[in-house]
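The primary structure of each chain is shown beneath.
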Amino acid sequence: MAASDLVKSKLDEFFWEWLCLPESQKIVRQSIQYAKGDSSSLETPAPSPHFSAFRGAPSGRPSPPGSPHSRGLIRDALSTSDSGSSASSPGSDWQSVSTAAPTPSSPRQSGQQTGSPATPAAPPVRADAAGAARALPGGESHVIPRFWWPKRSRPSDTLSPETRNQIHDHFVKQGITDGIRTYQQLEPIVTEVFNLSKYFVVPIFHKIKVFYDIIDSSAKSKAALLNPSPVPINEQMLISWCQGKIQTDDLVLSFFYVVKKEHNDWIEREDFSIFLMTILLTHPGLDFLRETQEFQDRYADTVISRIFFVYDQKDVGRIYLSSLRRYKPSVIETWKQLAEHDDIKMVRDYFSYEHFYVIYCTFWELDSDHDFLLDKDDLLKYDGHALSRRTVDRIFSETPTKFTSAVPGKMGYEDFLRFLLCDQDRQTDRSMEYWFHMFDLDGDGCIRDHEIKYFYEEQVQRMECFNYETIPFADILCQMNDMISPKSEGQFRLRDFKKRRKFAGTFFSLFSSLNKFLAFEHRDPFQARQEQLDNPSYSDWDRWCADEYLRLAMEEGEDDDNNRGMGDDG
């Protein structure tokens, strides 16, 4: 499905680029006029082998598009119109001007240039009822300016003169004569010239020093990153490093080539480590983490995993440039937002400490032996034992997604993070694909009634154990058909859920989580509407994290009060 969408988007891209050409616009205009029968305003046909309105075969039969007989005839007629005679083909009142001995020739060979012929071609003539031919007047073509250019796949090998001048001006403005020695001197160039986040300054400073063998690439300690450079970096050294990496008019391209390794055409998890280390060392909102190395590592792992969850849709461990351009929210813009907020909780996407705290604590509560691995029994405790055993079995079969823990039958922290993001925000493409593969038991690309019933049977058993009123499966299936509106009732495909994104999460929740099933049955539509109005920019994931963070904070506060009470009693 993803491959066909990519092909379609690429074909659309080529079509629009072709349509922007003046010759193409003239061809389309002439085709429309000819189809309407409005021959009085037809323009001189452009020399294009793809325009077949005026073609004719030597045998008098219409030539199919792209046939050997039809190629080049219209171009010959245009380029040699003053040296030939006219002949009309049977069954058509169109006459095309041709040479006495036509030979295939390109517009360039006949002295013409596409779109602006040096020698105007004779207009096509049309025979009227009396057999007399009259010329079709040519009209002026209104050329639409080109408004789209394909994105670059790599930065230019040389910096533009404007960028060079801006770099020079910053050297002069700061009075730097011998070269840059500290990352603070580099900061205005990175933020104002390169338009990158201020938290890219230290990594770029480090990469430049490694590039010129000033320090070793493995030196990534706090001192190595933040200390002055023992060798000054002059203006020419900086420009040489930037060439092939910085494209000031394409922020995504600059980000990609700055982050990735020189020899790769993709970004790996390891590539982000120095950038996350910089945030941990320099962002004021993370000062309290600087003395706890373990939590620094977990925070960095969480941020990187969230970035890969969005951009590495195939879970191959790589982020390509095309993915960086395609998926949202933009990690480039989010990285820049870090400089705008000293409180990192204000940045919800990727870097939020509140989100990290909720994810980490949720995992820690489930990990009973604290080996940083979860088994089936651990995951069954999730959300108050909300998940059915059949759902947990499917998760551990690694059908929705493969585990990265490298321990058979165990789910690692990154695997749990992926599951959690899919479970708490079921309207994203990643989440819908995750749960769709979960319910598609036979893997045929369609969820049918018997597959849904397989999961619903356990839900009914659990509700009966709690003395809840159960709903017949036929009624549930009818409700799901109304909610998702599949093309064929009882046959749900991935595209159906993506068309009805708002209800996709409800569908999957009803058959996998008892808590979500009961919440749906007893929902208050007015309360849900009010939550949307209170925080319209919040996703389901943001709302869940906010509620969980508040719950965890209250529990921690109660524990502190109890500990103080015990101390007073002692």
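Note that the structure is a prediction, hence the values are computed from the model and not measured.

1. What about the overall build of the chain?
Consideration 1: Helix and strand counts for the chain come out as 26 helices and six strands.
Consideration 2: Looking at the chain as a whole, 42% of its 570 residues qualify as buried.
Consideration 3: Taking as baseline every contact in the chain between residues at least 6 positions apart, the subset at least 24 positions apart corresponds to 60%.
Consideration 4: Put simply, the chain shows about 30000 Å² of open surface, and 52% of that area lies on carbon and sulfur atoms.

2. As for the confidence of the model for the chain
Consideration 1: Residues of the chain with pLDDT of at least 70 account for 79%, and the chain-wide mean is 82.
Consideration 2: Here residues 44–137 is modelled with pLDDT under 50, and outside its nearest four sequence neighbours on either side it reaches 124 contacts, counting other chains as well.

3. A closer look at the packing of aromatic side chains
Consideration 1: On inspection of all chains with the given rule, the structure shows 47 aromatic pairs.
Consideration 2: Geometrically, the ring pair formed by Tyr434 and Trp435 is edge-to-face, given 5.4 Å between the ring centres and 75 degrees between the ring planes. Of the two residues, Tyr434 and Trp435, both sit in the buried class.
Consideration 3: Look at Phe436 and Phe497: their rings are 6.1 Å apart centre to centre, the planes differ by 70 degrees, and that puts the pair in the edge-to-face class. Of this pair, Phe436 sits in helix H19 (residues 429–439) while Phe497 is found in helix H22 (residues 494–499), placing the two residues 61 residues apart along the sequence.
Consideration 4: Seen from the ring of Phe308, Arg269 lies directly overhead, with NZ or CZ sitting 5.8 Å from the centre.

4. Section: the environment of Ser153
Consideration 1: Position of Ser153 relative to the elements: it lies in the loop between strand E4 (133–135) and helix H4 (161–173).
Consideration 2: Of the residues examined, Ser153 reaches a relative accessible area of 55% and is grouped as exposed.
Consideration 3: C-alpha of Ser153 to C-alpha of Leu253: the two residues are 100 residues apart in sequence and 7.5 Å apart in space.
Consideration 4: When neighbours within four sequence positions are excluded, Ser153 is seen to be in contact with Leu253, Tyr257 and Leu321.

5. A word on the packing of helix H14 (residues 353–366) against helix H18 (residues 413–424)
Consideration 1: Close contact between H14 and H18 brings their axes to 11 Å; oriented N to C, the two are set at 115 degrees. One way to sum up the angle between H14 and H18 is to call them roughly perpendicular. Crossing angle aside, the handedness with which H14 passes H18 is right-handed. Between H14 and H18, the residues in contact are Phe356, Ile359, Tyr360, Thr362, Phe363 and Leu366 and Tyr413, Phe416, Leu417 and Leu420, respectively.
Consideration 2: A class-by-class count of the residues in the contact of H14 with H18 yields nine nonpolar, one polar and no charged.

6. Describing the pattern of salt bridges
Consideration 1: This structure, assessed with the given rule, holds 29 salt bridges.
Consideration 2: For Asp301, the salt bridge goes to Arg298, with nearest N and O atoms at 3.7 Å. Pair noted here: Asp301 and Arg298 are both in helix H11 (residues 293–311), with a separation of three residues, about one helical turn.
Consideration 3: Overall, Arg298 belongs to the partly exposed group, its relative accessible area being 22%.
Consideration 4: Through salt bridges with shared partners, a single ionic network connects Arg269, Asp315, Glu414, Asp415, Arg418 and Arg430.

7. Overview of the side chain of Arg418
Consideration 1: In this fold, Arg418 is placed in helix H18.
Consideration 2: The exposure class of Arg418 is buried, given its relative accessible area of 7%.
Consideration 3: Not counting chain neighbours up to four residues away, the residues in contact with Arg418 comprise Phe309, Asp315, Thr401, Lys402, Thr404 and Arg430.

8. Quick look at unusual backbone geometry
Consideration 1: That bond from Lys328 to Pro329 is cis: its omega, 0 degrees, falls within 30 degrees of zero.
Consideration 2: One can find Pro329 in the loop between helix H12 (321–326) and helix H13 (331–337).
Consideration 3: With a phi close to 55 degrees, Asp383 is a non-glycine residue in the positive phi region.
Consideration 4: By secondary structure assignment, the location of Asp383 is in helix H16 (residues 382–385).
Consideration 5: In this structure, Glu398 is a non-glycine residue whose phi angle is positive, near 60 degrees.
Consideration 6: Here Glu398 is to be found in the loop between helix H17 (389–396) and H18.

9. With respect to the environment of Leu494
Consideration 1: Assignment of secondary structure puts Leu494 in helix H22.
Consideration 2: A C-alpha to C-alpha distance of 9.7 Å links Leu494 and Ala504, two positions 10 residues apart in sequence.
Consideration 3: If near-sequence neighbours (up to four positions away) are discounted, Leu494 is found in contact with Met432, Glu433 and Phe436.

10. Observations concerning empty space enclosed by the protein
Consideration 1: Summed over all chains, the structure comprises one cavity of 30 Å³ or more.
Consideration 2: Looking at the lining of the largest cavity element by element, the count peaks at three residues for H18.

11. A closer look at H18
Consideration 1: Here H18 spans 16 Å end to end across 12 residues, near enough to the 16 Å set by a 1.5 Å rise per residue.
Consideration 2: Of all the 12 residues making up H18, 11 are buried; the element is thus mostly covered by neighbouring parts of the structure.
Consideration 3: Those residues of H18 that sit buried are Tyr413, Asp415, Phe416, Leu417, Arg418, Phe419, Leu420, Leu421, Cys422, Asp423 and Gln424.

12. Quick look at the nonpolar core
Generally speaking, nonpolar side chains in soluble globular proteins are found buried as a group.
Consideration 1: Among the nonpolar cores identified, the biggest contains 128 residues, and Phe272, Tyr299, Trp335 and Phe351 are the most heavily contacted of them.
Consideration 2: Beyond its immediate sequence surroundings of up to four residues, Phe351 is in contact with Leu276, Ile279, Tyr299, Val303, Thr334, Trp335, Leu338 and Ile344.

13. Here we look at the layout of surface pockets
Consideration 1: What the second largest pocket holds in volume is close to 1600 Å³.
Consideration 2: Lining the second largest pocket are 33 residues, and of these Thr506, Ala519, Ala528, Glu531 and Asp540 sit closest to its centre.
Consideration 3: Elements with a minimum of two residues in the lining of the second largest pocket: H18, helix H23 (501–512), helix H24 (514–521), helix H25 (525–534) and helix H26 (540–569).
Consideration 4: Broken down by element, the residue count for the lining of the second largest pocket peaks at seven residues, all from H25.
Consideration 5: For the lining of the second largest pocket, the per-class residue count stands at nine nonpolar, 10 polar and 14 charged.

Conventions and cut-offs
Residues numbered from 1 in each chain as written. Predicted model: local features only at pLDDT ≥ 70, side-chain atom pairs only at ≥ 80, totals over all residues. Heavy atoms only, no water. Helix = DSSP H or I, 4+ residues; strand = E, 2+ residues; numbered from the N terminus. Buried < 20%, exposed > 50% of the residue type's maximum accessible area, 1.4 Å probe, protein only. Contact = heavy atoms within 4.5 Å. Areas by Shrake-Rupley, 256 points an atom, 1.4 Å probe, with all protein chains shown as cover. pLDDT = per-residue confidence, 0-100. Phe/Tyr/Trp six-rings, centres within 6.5 Å; stacked < 30°, edge-to-face > 60°. Lys NZ or Arg CZ within 6 Å of the ring centre and 35° of its normal. Axes fitted to C-alpha atoms, helices over the stretch in contact; angles between N-to-C directions. Parallel < 35°, antiparallel > 145°, perpendicular 65-115°, else oblique. Left-handed = near helix turned anticlockwise from the far one by under 90°. Nonpolar A, V, L, I, M, F, W, Y, C, P; charged D, E, K, R; others polar. Salt bridge = Lys/Arg side-chain N within 4 Å of Asp/Glu carboxyl O. 1 Å grid on protein atoms, 1.4 Å probe; cavity = no way out; pocket = protein on both sides within 12 Å on 5 of 7 lines; lining within 4 Å. Points joined across faces, edges and corners; volume = space filled by probe spheres on them. Expected span 1.5 Å × (residues − 1). Core = buried A, V, L, I, M, F, W, Y, C linked by side-chain atoms within 4.5 Å.

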